[in-house]
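Observations on the three-dimensional arrangement
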Amino acid sequence: MSEYPRLIKLIPDKTIKPFNCDHEQLRGFLFENAMEHIHTLLAQTYIFEDIKSTIAYFSVSNDAIRVDDSHSKNWFRRNVLKLLSHEKSIKYDAYPAVKVGRFAVADEFRGKDVGTKLMSWIKRYFINKNKTGCRFITVDAYKEALGFYEKMGFKYLTKEDENHETRHMYFDLAHHIDLIIHE
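Here's what I pulled together on the structure shown here. On a predicted model such as this, the values are computed, not experimentally measured, just so you know.

Turning our eyes to something else, we now look at the packing of aromatic side chains. Under the counting rule described, the total for this entry stands at 14 aromatic pairs. Aromatic pair F19 and Y57: ring centres 5.5 Å apart, planes at 80°, arrangement edge-to-face. Taken together, the residues span a long stretch of sequence, with F19 in the loop between β1 (6-9) and α1 (24-39) and Y57 in strand β3 (residues 54-66) at a distance of 38 residues. Assessed through its relative accessible area of 3%, F19 is described here as buried.

Take a look at the structure:
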C-alpha cells in the first residue's frame, strides 16, 4: 500500500482524484487534455495526491531555447549565452530545455509551500536524472504566477511578451549544482 501524499506519473486508465482550482485552464487541462497529451507523446503529467484529492500537478515536455526566440540576438548573447561563457565556446542555434507546460496547486494548498517544493523537486530531478540533456527549464508563466517563478530563480527570456497573458521564462540548471544529490 502506498503512503500519502505521493507523487505519481499519470498513466492511462488512472482515475484522477478531485482537483479544486479556480484557474479554469489549469483545471481543464488535467481532466480534459493531460491523458491525450500522454497518448500522443506530447507531454507527461505528474500528480501530487493525497488519499482523497489531487493536491497539485505539473506537465513536462521537451523544449529548446532558440537564439531567435529572444527579442535580439545581442540580448540573447548578453543574457543567456553569458551563462555558457566559461564553457569551451559551445555555440548552438538552440539549447535543450524541458518545458513545464502546466503547473498548478489546488486552492486549499496554496500558500503552504507545495508549489515551491514541487518546483524544487523538478529542478533536482532534471539535474540528477537528466536522461537526454537539458540545460534549461522553461515556462510560459501566467501573469499572476510571475512572482512565484521569479522567487524560484526564473528569468525572462524576452521583453516582447511583457503585455501578454503569459511570459516566457527560463531557469539555468547548470548554475545550480547545489541541487545535485549524489546517489
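Time to look at the sheet that holds strand β6 (residues 155-156). With mixed pairing, seven strands are arranged side by side in an open sheet as β1-β2-β3-β4-β5-β7-β6. Of all strands in the sheet, those bounded by a partner on one side alone are β1 and β6. Its contacts with the sheet put α1 on β2 (44-49), β3, β4 (94-105) and β5 (136-142), and the angle it makes with β2 is roughly 130°. Packing of helix α3 (residues 114-128) onto the sheet brings it into contact with β1, β2, β3, β4, β5 and β7 (166-172), and relative to β4 it is tilted by some 155°.

Taken across its seven residues, β7 has six buried, putting it largely inside the fold. Note that β5 and β7 share seven bridges and pair antiparallel. Note on β7: the bridge partner recorded for A141 is R167. As defined by bridge partners, β6 adjoins β7 across two bridges and the pair is classed as antiparallel. Its bridge partner being in β7, K155 is matched across the sheet by Y170.

Parameters and conventions
Residues numbered from 1 in each chain as written. Predicted model: local features only at pLDDT ≥ 70, side-chain atom pairs only at ≥ 80, totals over all residues. Heavy atoms only, no water. Phe/Tyr/Trp six-rings, centres within 6.5 Å; stacked < 30°, edge-to-face > 60°. Helix = DSSP H or I, 4+ residues; strand = E, 2+ residues; numbered from the N terminus. Buried < 20%, exposed > 50% of the residue type's maximum accessible area, 1.4 Å probe, protein only. Pairing = 2+ DSSP bridges. Contact = heavy atoms within 4.5 Å. Axes fitted to C-alpha atoms, helices over the stretch in contact; angles between N-to-C directions.

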